[in-house]
Amino acid sequence: MSFRAAVVTFPGSNCDRDLAVALEDVTGEECLRVWHGDADLPERLDFIALPGGFSYGDYLRSGAMAARSPIMRAVVQAAGRGVPVLGVCNGFQVLTETGLLPGALMRNAGIRFVCRNVALTVENSQSLFTSHYMKGQRITIPVAHHDGNYFADEATLDRLEGEGRVAFRYAEVVNGSARDIAGVLNDAGNVLGMMPHPERMMERAQGGTDGRTLFESAVRGLIGA
Amino acid sequence: MKVRVYVSLKNGVLDPQGRAIRHSLEGLGFSGVIDARAGRLIELEVDESVTDEALDDMCRKLLANMVIENYRVERVAA
């Protein structure tokens, strides 16, 4: 069988190759690459990933310009049809700016850029992206961001918690995020945004494989293996 | 015609940059500054065809993030 995954590259993306390599590692298939100015996505995609980086130099707000780029109209439509979409770091910021995910990512509470491994707790192990983790499992995945401070109003936060849409929570102080939220799902469960970089924890040489589990969950879940 | 769009954080949204600015002012010896909020000013040059409704639309669709920010539009006489 073939698995068709695509990574979108915006001007200023810098984790697009890492994300593509991570997907290729798990799927055994070449990952398709899409440019922000493209109007259409490749046909029959099984998975779309939005990478980390500093799209459009973070002009206006992180992810704001990328969210209005031509390819994102196609991504929003695909997400609406149920195609799984993963946004990592700047990709998460893009997803909130498009409205595919609720809330916003603000400047870290401590003002500083945070770049280190952080402990996370898996809050939802039922989703497409997290099924190979155990609920409550403590994992380690690196973060590298300046604007990772998740904000949403109290009613939205309550709804996210109530619907099991908080995928990951920080298990230590990182950036001031509301309720320590590190990753959230959309209501249909096919869109995940997260600040930590799972593509940077794929093999022992990188310090662990806690990120690989996310890609294994999604790919195995989709091909039913 | 010049239009100024002021974008500011909503009340209740924490502003780490504003807080740092206040701390720095304090560090420089300025007393009495109770709070600081950092916002953004965007100046647009538009022709007469641009309506208030269109400006409003621009703010909602791009210039401000309505989850965390408010905006105010001001037309400046030439």
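Residues numbered from 1 in each chain as written. Chains lettered and ligands numbered in written order. Predicted model: local features only at pLDDT ≥ 70, side-chain atom pairs only at ≥ 80, totals over all residues.

Caption draft 1: Just the overall build of chain A, in detail. Scanning chain A from N- to C-terminus turns up 6 helices and 11 strands. Relative to its length of 225 residues, chain A is compact, with a C-alpha radius of gyration of 16 Å against a globular reference of 17 Å. Viewed in the frame of its principal axes, chain A has a C-alpha envelope of about 40 × 40 × 35 Å. Of the contacts made within chain A by residues no fewer than 6 positions apart, 75% connect residues no fewer than 24 positions apart. (Helix = DSSP H or I, 4+ residues; strand = E, 2+ residues; numbered from the N terminus. Rg over C-alpha atoms; globule rule 2.2 N^0.38 Å. Contact = placed C-beta atoms within 7 Å.)

Caption draft 2: Region of the structure containing helix 4 (residues 90-98) of chain A. All names here are of chain A. When you tally the buried positions in helix 4, you get 9 out of 9 residues, the bulk of the element. Of the residues making up helix 4, those classed as buried are Asn90, Gly91, Phe92, Gln93, Val94, Leu95, Thr96, Glu97 and Thr98. At its buried positions, helix 4 is contacted by strand 3 (47-50), helix 2 (64-67), helix 3 (70-80), strand 4 (85-88), strand 5 (104-106) and strand 11 (191-194). One or two residues past the end of helix 4 sits Gly99, with phi positive at roughly 90 degrees. (Buried ≥ 20, exposed ≤ 12 C-beta atoms within 10 Å, placed from the backbone.)

Caption draft 3: Here's a closer look at the interface of chain A and chain B. Taken together, the contact between chain A and chain B spans 12 residues of the former and 9 residues of the latter. Of the residues that constitute the side of chain A that touches chain B, the class distribution is 6 nonpolar, 2 polar and 4 charged. (Nonpolar A, V, L, I, M, F, W, Y, C, P; charged D, E, K, R; others polar.)

Caption draft 4: Expanded view of the nonpolar core. Counting 73 residues, the largest nonpolar core has A:Ala6, A:Val8, A:Leu23 and A:Ala49 as the members making the most contacts within it. Those residues within four positions of A:Val8 in sequence are excluded, and the remaining contacts are A:Val34, A:His36, A:Ile48, A:Leu50, A:Ile71 and A:Val75. (Core = buried A, V, L, I, M, F, W, Y, C linked by C-beta atoms within 7 Å.)

Caption draft 5: Structural detail: the sheet that holds strand 6 (residues 114-122) of chain A. Residues and elements named next belong to chain A. Pairing in this open sheet of 9 strands is mixed, and the strands run 2-1-3-4-11-10-9-6-7 from one edge to the other. Two strands lie at the open edges of the sheet, namely strand 2 (32-35) and strand 7 (138-145), each paired on one side alone. Taking each pair of neighbouring strands and ignoring which way they run, the sheet shows an average axis angle of 25 degrees. Note: strand 4 against strand 11, 4 bridges, orientation parallel. The residue bridging Val85 from the neighbouring strand is Val191, located in strand 11. (Pairing = 2+ DSSP bridges. Axes fitted to C-alpha atoms, helices over the stretch in contact; angles between N-to-C directions.)

Caption draft 6: The arrangement of the pairing of strand 6 of chain A in detail. Residues and elements named next belong to chain A. Summarising the sheet, strand 6 and strand 7 pair through 8 bridges and their orientation is antiparallel. Its bridge partner lying in strand 7, Ala119 is registered against Thr140. Examined bridge by bridge, strand 6 and strand 9 (residues 166-170) share 3 bridges and lie antiparallel to one another. Across the sheet, Thr121 pairs through a bridge with Arg169, a residue of strand 9.

Note that all results are geometric; they support no functional claim without further evidence.
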